[in-house]
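A structural walkthrough
Each chain, letter by letter, is given below.
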Amino acid sequence: MTRDPKPTPKTVQLGRTTAGVEDREPAPRRRQRYVCPHEHEFAVPLSADAAVPDTWECPHHSTRARAAEVDNPTPARRKRPRTHWDMLLERRSIPDLERLLNERLALLKARRQPPPNT
Ligand SMILES: [Zn+2]
């Protein structure tokens, strides 16, 4: 139970599971993933304030690895949004749609002037 008597202004208490190993303030960190050209992936711990560099040198291959997107780590956004086509298919079957299409095409053809055939 060692309470720091002089709180630094940047202190952010994030939970005490791993904190307290060192007496430093737990700077908020995030891990940015990088993918190197050798299809090898590694993570670089960055401070949450720092801008994420687009590239990082791979520690194994000394190549330039590109930052992977981890802006939103929630996988809930994977779901494909429903398109108009999806909604249409929920109401009509394909044969249904074909019949409708043929009806409409026939109407359009009937309305249109016949092309000058020779
Ligand atoms: Zn690599």
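Residues numbered from 1 in each chain as written. Predicted model: local features only at pLDDT ≥ 70, side-chain atom pairs only at ≥ 80, totals over all residues.

For clarity, the cut-off: UniProt positions are given in the numbering used here, feature names are shortened, and annotations may be inferred rather than shown by experiment.
The protein is annotated in an unreviewed UniProt entry as RNA polymerase-binding protein RbpA of Saccharopolyspora rosea. On record in UniProt, under Subunit (unreviewed entry), the comment for the protein is "Forms a complex with the RNAP catalytic core and with free principal sigma factors."

1. Some words on unusual backbone geometry
Most peptide bonds are trans, and most residues other than glycine sit at a negative phi. Short version of the rule: Helix numbers and strand numbers start at the N terminus; a helix is a DSSP run of H or I with at least 4 residues, a strand a run of E with at least 2. Any residue surrounded by 20 or more other C-beta atoms within 10 Å of its C-beta is treated as buried, while 12 or fewer makes it exposed and the intermediate range makes it partly exposed; C-beta atoms here are placed from the backbone.
Unlike most non-glycine residues, Glu39 shows phi in positive territory, near 55°. Looking at the secondary structure, you find Glu39 in the loop between β1 (29–36) and β2 (40–47). With a phi angle near 55°, Ser62 is a residue other than glycine that sits in the positive phi range. Examined against the element boundaries, Ser62 turns out to sit in the loop between β3 (55–57) and β4 (64–67). On the neighbour-count criterion, Ser62 (8 C-beta atoms within 10 Å) is exposed.

2. Some remarks on helix α2 (residues 94–111)
The condition that has to hold: Here the expected length of a helix is defined as 1.5 Å per residue gap, with one fewer gap than residues.
Here α2 spans 26 Å end to end across 18 residues, near enough to the 26 Å set by a 1.5 Å rise per residue. Among the 18 residues in α2, 0 count as buried, and that is only a small part of the element.

3. Digging into the pairing of β1
Put simply, the rule is: Note: two strands are recorded as paired if DSSP finds a minimum of 2 bridges between them.
In this structure, β1 lies alongside β2, joined through 8 bridges in antiparallel fashion. For Arg33, the partnering residue across the bridge sits in β2 and is Ala43. From the end of β1 to the start of β2, which pair antiparallel, there are 3 residues, and Glu39 there has a positive phi angle of about 55°. When β1 meets β4, the two strands line up antiparallel, connected through 2 bridges. Of the residues in β4, the one forming a bridge with Tyr34 is Ala67.

4. Regarding the environment of Ala27
Mapped onto the secondary structure, Ala27 falls in the segment before β1. Judged by the 13 C-beta atoms lying within 10 Å of it, Ala27 falls in the partly exposed class. Distance in space between the C-alpha atoms of Ala27 and Leu46 is 9.9 Å, their sequence separation being 19 residues.

5. What to know about the pairing of β4
As paired elements, β3 and β4 share 3 bridges and run antiparallel to each other. If you follow Glu57 over to β4, its bridge partner there is Arg64. Taking the residues that link successive antiparallel strands as the turn, the β3-β4 hairpin has 6 residues, and the phi of Ser62 there is positive, at about 55°.

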